[in-house]
Amino acid sequence: MFFASDNSGPVPPQVLTALTEANTGYAMGYGADAEMVEVTKRIRDIFEAPEAAVFLVATGTAANVLALATLCQPFETIFCTPTAHIHEDECNAPEFYTGGAKLTLVPGLPGFDDKMTAANLRATIAKEETRGVHGPQRGPVSITQVTERGTLYSLAELQELTTVAKEFNLPVHMDGARFANALVALECSPAEMTWKSGIDALSFGGTKNGLMGVEAVIFFDPKKAWEFELRRKRGGHLFSKHRYLSAQMLAYLTDDLWRDNARKANENCAYLAEGLRRADAPFLHEPQANMIFAALPRATHQRLFEAGAAYHLWDGPLDGDPNEKIAARFVCDWAISRDQIDHFLALIA
């Protein structure tokens, strides 16, 4: 009954097999391995982007902040939502790796700060770069898809946001830690959700979708490729035994494993959500991918934790009025079984 994070699930056997196969003989390091050549080719084919520059790093934080540092000058500001991972969960890494660029928060609709709106983005951008040398200059826009509250931007919403960014000649980065979950939910192509919608750089997540630890950074215009390579090396994120990153990503891209894992995770989430609805658990946000925010009585949380369930309370302590409903976050991965979900739901009935 593990719903704490999709980071915590097992690695698919195909990935472990690929690592074993890569662990034979010798290979050139630092990304010059044969597996990386194939990874680059496949990502270019999948995204319909034959000129895209493709790089691998081991963590989502590295993918986000190195991409943003490549798009952003130290005297600029990055536009993101108040709930963006780069704002709430990366320990000031964006500021560190950009050499001091700041973050400017773009509000969403009331009660939905996980998604920025085009109108609010335009108004927020317009307020910056108004004080000459004394204030921050306008920098990239960073969009999270799936958002940190489990919601999605439609293709139309993405295009509205990128259109605003382009009005100000600003690049757009997508934090796609759960990119695959969003893709299968929207039933669109990778190209449609990225460069065809105006995205310039993508953090293409793997770890949350089953990989041991690898993320891709994709620049759809390769003019920033060399700068990214330098920043990756300078930042300590260029693996010498790079083939072990490449082997994971290659297995991920083979036979649509990345889509299949995301589809399973989303289906598990929908199954869990239906059970929570039957238990009259109110949702903070309508689940759209593999993450749920729902409220249960404090006594139910206590019973679940005592039975071994793992998830995160969101807006209250475990001690207090047993009947008060406390929101929690539940995340489904590709591997959790229906039996485990049924056991969990039986405990809240």
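Basis of the calculations
Residues numbered from 1 in each chain as written. Predicted model: local features only at pLDDT ≥ 70, side-chain atom pairs only at ≥ 80, totals over all residues. Heavy atoms only, no water. Helix = DSSP H or I, 4+ residues; strand = E, 2+ residues; numbered from the N terminus. Rg over C-alpha atoms; globule rule 2.2 N^0.38 Å. Contact = heavy atoms within 4.5 Å. Areas by Shrake-Rupley, 256 points an atom, 1.4 Å probe, with all protein chains shown as cover. Lys, Arg positive; Asp, Glu negative; His and termini not counted. Charge placed at Lys NZ, Arg CZ, Asp CG, Glu CD. Salt bridge = Lys/Arg side-chain N within 4 Å of Asp/Glu carboxyl O. Buried < 20%, exposed > 50% of the residue type's maximum accessible area, 1.4 Å probe, protein only. Core = buried A, V, L, I, M, F, W, Y, C linked by side-chain atoms within 4.5 Å. 1 Å grid on protein atoms, 1.4 Å probe; cavity = no way out; pocket = protein on both sides within 12 Å on 5 of 7 lines; lining within 4 Å. Points joined across faces, edges and corners; volume = space filled by probe spheres on them. Nonpolar A, V, L, I, M, F, W, Y, C, P; charged D, E, K, R; others polar. Axes fitted to C-alpha atoms, helices over the stretch in contact; angles between N-to-C directions. Parallel < 35°, antiparallel > 145°, perpendicular 65-115°, else oblique. Arc of directions from axis to C-beta. Pairing = 2+ DSSP bridges.

Caption draft 1: The arrangement of the overall build of the protein in detail. For the protein, the count of helices and strands is 13 helices and 13 strands. Scaling as 2.2 N^0.38, a compact globule of 349 residues should have a C-alpha radius of gyration of about 20 Å, and the protein matches this with 21 Å. Here the C-alpha coordinates of the protein stretch approximately 60 × 55 × 35 Å along the principal axes. Contacts spanning at least 24 positions in sequence make up 75% of the contacts within the protein whose residues lie at least 6 apart. Accessible area for the protein stands at about 14,900 Å²; split by element, carbon and sulfur atoms hold 53% of it. The protein carries 32 positive and 44 negative side-chain charges, and their two centres are separated by 4 Å.

Caption draft 2: View of the pattern of salt bridges. Evaluation of the coordinates by the stated rule reveals 16 salt bridges. Across the salt bridge formed by Lys196 and Glu48, the nearest N and O atoms sit 3.4 Å from each other. Here Lys196, found in the loop between helix H8 (179-186) and strand S8 (201-204), pairs with Glu48, found in the loop between helix H2 (34-46) and strand S1 (53-57); they are 148 residues apart in sequence, far enough to count as distant. Accessibility expressed as a relative area gives 44% for Lys196, which makes it partly exposed. A relative accessible area of 40% means that Glu48 is categorised as partly exposed. Residue Glu274 pairs with Arg277 through a salt bridge whose shortest N-O separation is 3.9 Å. On the criterion of helical spacing, the pair formed by Glu274 and Arg277 is a turn pair, its members being three residues apart in helix H11 (residues 257-278).

Caption draft 3: Unusual backbone geometry, seen in detail. The omega torsion across Gln145 and Val146 is 5°, close enough to zero to call that bond cis. Following the sequence through the fold, Val146 ends up in the loop between strand S6 (137-144) and helix H7 (155-167).

Caption draft 4: Up close: the nonpolar core. One finds Phe47, Leu121, Val141, Phe179, Phe204 and Met249 to be the most contacted residues of the largest nonpolar core, which totals 56 residues. Looking at this core element by element, the count peaks at seven residues for helix H10 (residues 243-253). Counting residues in hydrophobic clusters, the runner-up holds 22 residues, among them Ala273, Ala281, Ala309 and Ala328.

Caption draft 5: Molecular detail of the layout of surface pockets. Volume-wise, the largest pocket comes out at about 400 Å³. Along the walls of the largest pocket sit 19 residues, with Leu71, Pro171, Asp200, Lys223 and Lys224 positioned nearest its centre. Mapped onto the lining of the largest pocket, the elements with two or more residues apiece are helix H3 (60-71) and S6. Split into classes, the residues belonging to the lining of the largest pocket amount to seven nonpolar, four polar and eight charged. One number sums up the size of the second largest pocket: a volume of about 260 Å³. Around the second largest pocket sit 15 residues that line it, and Gln14, Ala18, Leu250, Ala251 and Thr254 are the ones nearest its centre. Looking at the lining of the second largest pocket, the elements that each hand over two or more residues are helix H1 (13-22), H10 and H11. Top contributing element to the lining of the second largest pocket by residue count: H1, with five residues. Residues that form the lining of the second largest pocket fall into these classes: six nonpolar, four polar and five charged.

Caption draft 6: Quick peek at the packing of H8 against H11. The geometry of H8 relative to H11 is characterised by a closest axis approach of 8 Å and an angle of 75° between their N-to-C directions. Between H8 and H11, the angle is such that the two are roughly perpendicular. Side by side, H8 and H11 meet where Phe179, Ala180, Asn181, Leu183, Val184 and Ala185 of the first sit next to Trp258, Arg259, Ala262, Arg263, Ala265 and Asn266 of the second.

Caption draft 7: Just the side chain of His173, in detail. With respect to the helices, strands and loops of the structure, His173 is situated in strand S7 (residues 172-176). Setting aside its immediate chain neighbours within four residues, His173 contacts Asn64, Ala67, Leu68, Leu71, Val141, Ser142, Ile143, Ala201 and Ser203.

Caption draft 8: Layout of helix H13 (residues 338-348). For H13, the full list of buried residues reads Ile341, Phe344, Leu345, Leu347 and Ile348. Angularly, the buried residues of H13 cover 155° about the axis, an arc narrow enough to put them on a single face. The outward face of H13, more than 90 degrees from its buried face, is lined by the exposed residues Asp339 and Ala346. Where the residues of H13 are buried, they touch H11, strand S11 (291-297), helix H12 (298-306) and strand S13 (325-331).

Caption draft 9: Spotlight on the pairing of S11. A large share of S11 lies buried, amounting to six of its seven residues. Pairing between strand S10 (residues 283-285) and S11: two bridges, direction antiparallel. Each residue of the ladder has a partner; that of His285, found in S11, is Phe293. Connecting the antiparallel pair S10 and S11 is a turn made up of five residues.

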